[in-house]
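Reading the structure
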Amino acid sequence: MEPLYERGSLTNVTHMVNLASLYLMHDIPIKAARLLDDELESERLEATQRNLDMLAQAWLLSGHPDRAVDPMQSAARLDEDGRGYMNLARTYMSLLRWKEAEESVRQALKKGGLRSVGDARLMLGMAQFNQKNFRDARRAFAQAGQEPKTEKLARQWLAYLEREEANQALAREVGLE
């Protein structure tokens, strides 16, 4: 299939998506990303949630999380629940883009249909914590603590937050901040 695609003889969209899937299956995600990116840009391939998710996955697997952001955003908007926004939030967190991660989690919670609201609240708190927004982070961790699955981790984050606040207060007191 690859030689047919490279010669321009592979014109069936289903075959193109299958070739991208084969690239992913055989651990060649960069070829899948480039194929899907080219075909979506030329509009030969429709920008469906599935195709955009596959493109984002290919960019992530090829070590280019920054290139995965745009297709993830588009896929999340098309998603009927908030899981796409949660995936986007994880990517933003890996890129240390805390404000965008916070907004993505908020969108996920707004859309609903999440497997674990507690996990979303934890991620929201982490994004807020890393922006030094301790008041909102405390609230998010407290809400995450209401879920049995995330209760322990939420308590740990709250304890960590309290230590960080104490350290910052001490630094201000001695004039280091």
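Our subject is the structure listed above.
These remarks concern the structure in this document. None of the values given here were measured: they were computed from a predicted structure. Counting restarts for each chain: residues are numbered from 1 in the order of the written sequence. Where local features are concerned, this predicted model is filtered to residues with pLDDT of at least 70; where side-chain atom pairs are given and counted, the filter is 80 or more; whole-chain, interface and lining totals use all residues. Side-chain metrics in this entry use all non-hydrogen atoms of the structure; hydrogen atoms and water are not considered.

As for the pattern of salt bridges
- Here a salt bridge means any side-chain nitrogen of Lys or Arg lying within 4 Å of a carboxyl oxygen belonging to Asp or Glu. Per the stated rule, a full pass over the model turns up twelve salt bridges.
- Its salt-bridge partner being Glu-2, residue Lys-31 comes within 2.5 Å of it at the nearest N-O pair. Here Lys-31 is found in helix α3 (residues 29–41), whereas its partner Glu-2 is found in helix α1 (residues 2–7), with 29 residues between them in sequence.
- Glu-102 is the salt-bridge partner of Lys-99, the closest N and O atoms lying 3.8 Å from each other. Here Lys-99 and its partner Glu-102 are both found in helix α7 (residues 98–111), three residues apart, which amounts to about one turn of the helix.
- Of the residues examined, Lys-99 reaches a relative accessible area of 54% and is grouped as exposed.
- In this scheme, a residue with accessible area under 20% of its type's maximum is buried, one over 50% is exposed, and one in between is partly exposed, where area comes from a 1.4 Å probe on protein chains only. A relative accessible area of 6% means that Glu-102 is categorised as buried.
- Through salt bridges with shared partners, a single ionic network connects Lys-99, Glu-102 and Arg-106. Each helix is a run of DSSP H or I of at least 4 residues and each strand a run of E of at least 2, with the numbering of both proceeding from the N terminus.

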